[in-house]
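Residue strings, one per chain:
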Amino acid sequence: MASLTTSSSSSSLPLSSTDHQIHYTYEVFLSFRGEDTRFNFTDHLYTALCQTGIETFRDDKLSRGEDISQELLKAIDESRVSIIVFSQNYAASRWCLDELVKILECRKSKRQEVRAVFYKVDPSDVRHQRGAFGDAFATLDQCKYKDSMDKWKAALKEAADLSGWPFKDGQYVFNPSTSYLIKYIFEVFDFVYMLLNSRYESKFINDIVGELSARVINPSCELQVAANPIGIESCRQDVNRLLHTEENIVRMVGIWGPGGIGKTTIAKAVFNSICPEFKDSCSFLADVRSNALVELQETLLLDILKDETLKVKSVDKGVGLIKKMMRNKKVLLILDDVSHSSQLQNLVPSPDRFGSCFGPGSRILITTRDKRWLIAHQVDEVYEVKMLYHRQALNLFSLNAFKRNRPPDDYLKLAQRAVRYAQGLPLALIVLGSHLFRRSREEWEATLDSCRGEDPHREIRDVLKISYDALGVDLKGYFLDIACFFKGKDVDHVKPILEACYDLKSVIGIKQLQEKALIRIDGDKIWMHDLIEEMGKDIVYQESPDEPGERSRVWIKEDVDHVLTNNTGTDKIIGIQFRKYSKISLNAKSFSGMKNLRYISLSRMEYECFSGDTDYLSNQLRWLDWCKCPLQSFPSDFQANKLVKLNIHHSRRITRLWEGRKVL
């Protein structure tokens, strides 16, 4: 089995957040001695890496010129990780040694990962150039290469001290006698052992590829930071300094600033840069504001303990589990977008008489718009995120508006004007720049004229709303549905709902919203920034500030209860959703006024004093997802001819859907 060994004198460098901003041509560069391993071990390792989808460079040239080629130097430069396969004759090649020097230079200058495989050689022999490995090194002409000998020796010592995988040579050496029988037995035994050794080498390679993939190439804790992380690296470094990761204490730091300024992006960059130090004990709780505490507690416990059978039945029990199970765990925990003190109290409980709820060395990072919560929870430090400087803001805007670092000369004044309106807020710069991409000067001027106003906060909201105002009717529907119903949901779950409710194909609509920076896809989920979500919900709220039944979408508990209990729903409502535990007073006329209702999604509700009959369901209904539906049957005049989805599982009261046959 291949196990990673680390010398006490040096350890592998952790990936920094800048690592994720560099473009790599190759994931892995293989340095090896061709005559030793080209057609066996290195070839098998190369094949295994490629089959895993890891882009790997190896030099396939059997002969080389006098000096190491520029192609090789460039390949080393553009690789994320270098693997050095030390074999018996590695040090007999000055090309291998020059490669090694270059690799270690990149380790220092670019913080590239370097790993060593000690293939049938001892790391101490590499370190001190002893044994057969030392004999190979001694074959080099010391007079001819006297200027290089010291740097080669230093490089071999440094590389031998790195993390690596040792492969021992376990083959037996036989001295068969003249007896044909004995010779035959030895030959059979040698053949069997060769097969076993081959299997061992295969497993050794698989272990290397698995560990490399999990810990270096694609660590499970790595988060997508940003397409254009302007100004993020300096903020990441500032926060890292406040965390004091070198100290074996529990430390809590807050990141504070207005919505859209990049708090989440900074937190992700910090998380990526230090998560390798915490191994698998990392948890990033996204969008704390919008999620139930029990669900957040369960996610935290699952992330750290990896026990899928552990269930949280109440907030108080969740707090108890966190205190009990985390006390000896060194964890990295990010709470993103905290909006109330109760979230902190129930996710990172204050120290009790037994001390901190988390083990020594733990780091907790909290992002919030409200500094009060950080002060009340007695965090160790608060980092205030500042607006981008003008040059940074112009750079970020240009990358979105022109797909280049600076605006063209003939657009410079217009770009500077747009940057002033955005006031250094990254989100506003991204949304406005994406909206103006490939538009004429006249369109630029009209857009910027519409941003004028005296209220700076209103200006930012207006900047964000520009992209919404430019959408077509169906695309506006997509946007508002996602803002009100589907933020954080699986893309594959949302697509069929949108396609059922609109003529626009979901693959086109979702892509267009992405291009306008109104939504993003993280993994397999749809997300939008809080400010954009709030803007979408405010658009719906402003349709009728005083009466929820006059709005196009209803999703808040109080509004759902008001509309269904008081029968105030009108033909303005096209969607109604509530999927959290609640008691509600449903009656026969609850849906009577909703003539244009297309989407119903209700679950986990209790219905008080309800007979089981309803007078009306909209014939415009496309999607009916009603878990534990309390109806005995659907109305007799419900046509259902536009219905695409009918999900009424666990609905025990239904005796029949409708009379006769329906063509769905």
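Just so you know, these numbers come straight off a predicted model, no measurement behind them.

Trainee: Looking at this structure, how should I read the environment of I526?
Mentor: Looking at the secondary structure, you find I526 in strand 12 (residues 525-527). Through-space distance from the C-alpha of I526 to that of I482 is 8.1 Å; in sequence the pair is 44 residues apart. When neighbours within four sequence positions are excluded, I526 is seen to be in contact with I482, F486, K487, G488, K489, V491, V494, I510, I519, R520 and I521.

Trainee: Which parts of the structure should I look at to understand the sheet that holds strand 5 (residues 164-167)?
Mentor: Whenever strands of a sheet pair, they do so through backbone hydrogen bonds, lying parallel or antiparallel. With parallel pairing, 5 strands are arranged side by side in an open sheet as 2-1-3-4-5. This sheet does not close on itself; its edge strands, each paired only once, are strand 2 (56-57) and strand 5. For strand 1 (residues 26-32) and strand 3 (residues 79-86), the ladder comprises 6 bridges, and the chain directions are parallel. Within strand 3, the position partnered with S31 by the bridge is I84. Lying over the sheet, helix 4 (residues 94-110) contacts strand 1, strand 3 and strand 4 (113-119), oriented at roughly 145 degrees with respect to strand 1.

Trainee: Would you mind going over empty space enclosed by the protein with me for this structure?
Mentor: If a probe as big as a water molecule is rolled over the atoms, it shows which places are left empty. For the coordinates displayed, the defined rule picks out 1 cavity of 30 Å³ or more. By volume, the largest cavity amounts to about 50 Å³. Lining the largest cavity are D481, F485, F486, I497, C501, Y502, I574, G575, R598 and Y599. For the lining of the largest cavity, the secondary-structure elements that each account for two or more residues are helix 20 (473-486) and helix 21 (491-501). The biggest single contributor to the lining of the largest cavity is helix 20, with 3 residues. Among the residues making up the lining of the largest cavity, the classes are represented as 7 nonpolar, 1 polar and 2 charged.

Trainee: What's the story with the pairing of strand 18 (residues 623-626) in this structure? I'm lost.
Mentor: It is a general feature of regular strands that their side chains alternate between the two faces of the sheet. Burial along strand 18 is two-sided: W623 and D625 facing one way and L624 and W626 facing the other are all buried. Looking at chain direction, strand 16 (residues 599-602) and strand 18 are connected through 4 bridges and run parallel. Bridging from a neighbouring strand, Y599 pairs with W623 of strand 18. Judged from the 3 bridges that link them, strand 18 and strand 19 (residues 645-647) form a sheet pairing that is parallel. Paired with D625 across the strands is N647, a residue of strand 19.

Trainee: Just to check I follow, could you spell out the confidence of the model for the protein chain for this structure?
Mentor: Regions with low pLDDT carry predicted coordinates that are not meant to be interpreted in detail. Summing up the model confidence of the protein chain, the mean pLDDT is 85 and the portion of residues at 70 or higher is 87%. Within the protein chain, no element has a lower average pLDDT than helix 8 (residues 180-217), which sits at 63, and none a higher one than strand 13 (residues 553-554), at 98. Below pLDDT 50 for its whole length, residues 1-21 participates in 57 contacts with residues either more than four positions away or in separate chains. Taken as a whole, residues 170-182 scores under 50 in pLDDT and shows 13 contacts with residues more than four places along the chain or in a different chain.

Trainee: Help me understand the nonpolar core in this model?
Mentor: Judged by nonpolar contacts, the single largest core of 85 residues is most densely connected at F397, W444, F479 and L513. If one sorts the elements of this core by residue count, helix 20 sits on top with 9 residues. Once residues within four sequence positions are removed from consideration, L513 is found in contact with L471, L475, Y478, F479, I482, L518 and I519. Membership of the second largest hydrophobic core comes to 34 residues, among which are I68, A91, V121 and L156.

Trainee: Sorry if this is basic, but what is going on with the side chain of D336 here?
Mentor: Note that D336 resides in strand 8 (residues 332-338). It turns out D336 is buried and unbridged, and the closest side chain with the opposite charge, R520, is 6.7 Å from it. Setting aside its immediate chain neighbours within four residues, D336 contacts T264, F284, L285, A286, D287, V288 and T367.

Trainee: I tried to follow the environment of K511 on my own but got confused; where do I start?
Mentor: With respect to the helices, strands and loops of the structure, K511 is situated in helix 22 (residues 506-515). Take K511: its relative accessible area is 48%, and that puts it in the partly exposed class. Sequence-wise, K511 and I521 are 10 residues apart; in three dimensions their C-alpha atoms are separated by 9.6 Å.

Trainee: Quick question: what am I supposed to make of the packing of aromatic side chains here?
Mentor: Ring pairs (aromatic) are described by centroid distance and by the angle formed between their planes. Inspection of every chain in the model, using the stated rule, returns 25 aromatic pairs. Ring centres 5.2 Å apart and planes at 70 degrees place the aromatic pair Y411 and W444 in the edge-to-face group. Of this pair, Y411 sits in the loop between helix 15 (390-401) and helix 16 (412-422) while W444 sits in helix 18 (residues 441-449), and the two are 33 residues apart along the sequence. Each member of the pair, Y411 together with W444, is buried. Here the aromatic residues F41, Y119, F167 and F204 are joined through ring pairs into a cluster of three or more. Taking NZ or CZ as reference, R58 lies 4.0 Å from the ring centre of Y46, over its face.

Basis of the calculations
- Residues numbered from 1 in each chain as written.
- Predicted model: local features only at pLDDT ≥ 70, side-chain atom pairs only at ≥ 80, totals over all residues.
- Heavy atoms only, no water.
- Helix = DSSP H or I, 4+ residues; strand = E, 2+ residues; numbered from the N terminus.
- Contact = heavy atoms within 4.5 Å.
- Pairing = 2+ DSSP bridges.
- Axes fitted to C-alpha atoms, helices over the stretch in contact; angles between N-to-C directions.
- 1 Å grid on protein atoms, 1.4 Å probe; cavity = no way out; pocket = protein on both sides within 12 Å on 5 of 7 lines; lining within 4 Å.
- Points joined across faces, edges and corners; volume = space filled by probe spheres on them.
- Nonpolar A, V, L, I, M, F, W, Y, C, P; charged D, E, K, R; others polar.
- Buried < 20%, exposed > 50% of the residue type's maximum accessible area, 1.4 Å probe, protein only.
- pLDDT = per-residue confidence, 0-100.
- Core = buried A, V, L, I, M, F, W, Y, C linked by side-chain atoms within 4.5 Å.
- Lys, Arg positive; Asp, Glu negative; His and termini not counted.
- Salt bridge = Lys/Arg side-chain N within 4 Å of Asp/Glu carboxyl O.
- Phe/Tyr/Trp six-rings, centres within 6.5 Å; stacked < 30°, edge-to-face > 60°.
- Lys NZ or Arg CZ within 6 Å of the ring centre and 35° of its normal.

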